[in-house]
Amino acid sequence: MEKRQFGKTDMQVSVLGYGGAEIGFEGASLENVTTLLNEALDSGLNVIDTAAAYLASEELIGQAISNRRKDFYLFSKCGAAEGFTKFDWSKTGLLKHIETSLKALKTDYLDLIQLHSCNEETLKQGEAIEALETARQKGYTRYIGYSGDGQDAVFAIKTGAFDSLQTSISIADQEAIDLLLPLAQGYNLGVIAKRPI
């Protein structure tokens, strides 16, 4: 599978990655998740992206493929939890989310932790970005990113704090093509296309 340089990071990522939302929201069985993820990794995919908000997704991924941790880059998101019913953008809350994610995923570190679509006002307060920087200093993550859309994402990019942007882009949602991608490229951010279908 083709791989590309992921922005200014040291990661060479597969052009296709695995998004873990559906396995959490659809209540997939551990057996199915184990088969699915092992086949994906065996096919050359090397990025798995999940989030604290995706219900059992992190636990399923941890149980299914933590024994293959060196075979893939592991991305997660924080701030939103429990199916987007709870939000905590405080430094203490975000670090707790990340620590919980590490336990669920059965790993000592993430390759990327992303703020899960917090708004511009939250970003301006600075605590959320500080939390991710602290997580990196503690060795919880190698890189930090922002997941979101529109003007909130514009502001996030312009802070210069992030290594990556995850944003919605598909044939039906093309706002990011002109609004975000040139800006992200200017800051040499790795870009993840979410909701591509």
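Just above, that's the structure.
Caption draft 1: Layout of helix 2 (residues 30-42). In this model, helix 2 (13 residues) spans 18 Å end to end at C-alpha, consistent with the 18 Å of a helix rising 1.5 Å per residue. Buried within helix 2 are the following residues: Val33, Leu37, Asn38, Ala40 and Leu41. Within helix 2, the buried residues cover an arc of 160 degrees as seen down the axis, which keeps them to one side. Every exposed residue of helix 2 that faces more than 90 degrees away from the buried side is listed here: Glu31, Glu39 and Asp42. Residues of helix 2 that are buried sit in contact with strand 3 (18-19), helix 1 (21-25), strand 4 (47-49) and helix 3 (57-65). Positive phi appears at Gly44, one or two residues downstream of helix 2, with a value of about 105 degrees.

Caption draft 2: Seen up close, the pairing of strand 10 (residues 164-168). Burial analysis of strand 10 places five of its five residues in the buried class, which makes it a mostly covered element. The two faces of strand 10 match: Ser164, Gln166 and Ser168 on one face and Leu165 and Thr167 on the other face are all buried. Sheet analysis places strand 9 (residues 141-147) next to strand 10, joined by three bridges and oriented parallel. Pairing of Ser147 across the sheet is with Gln166, part of strand 10.

Conventions adopted
Residues numbered from 1 in each chain as written. Predicted model: local features only at pLDDT ≥ 70, side-chain atom pairs only at ≥ 80, totals over all residues. Heavy atoms only, no water. Helix = DSSP H or I, 4+ residues; strand = E, 2+ residues; numbered from the N terminus. Expected span 1.5 Å × (residues − 1). Buried < 20%, exposed > 50% of the residue type's maximum accessible area, 1.4 Å probe, protein only. Arc of directions from axis to C-beta. Contact = heavy atoms within 4.5 Å. Pairing = 2+ DSSP bridges.

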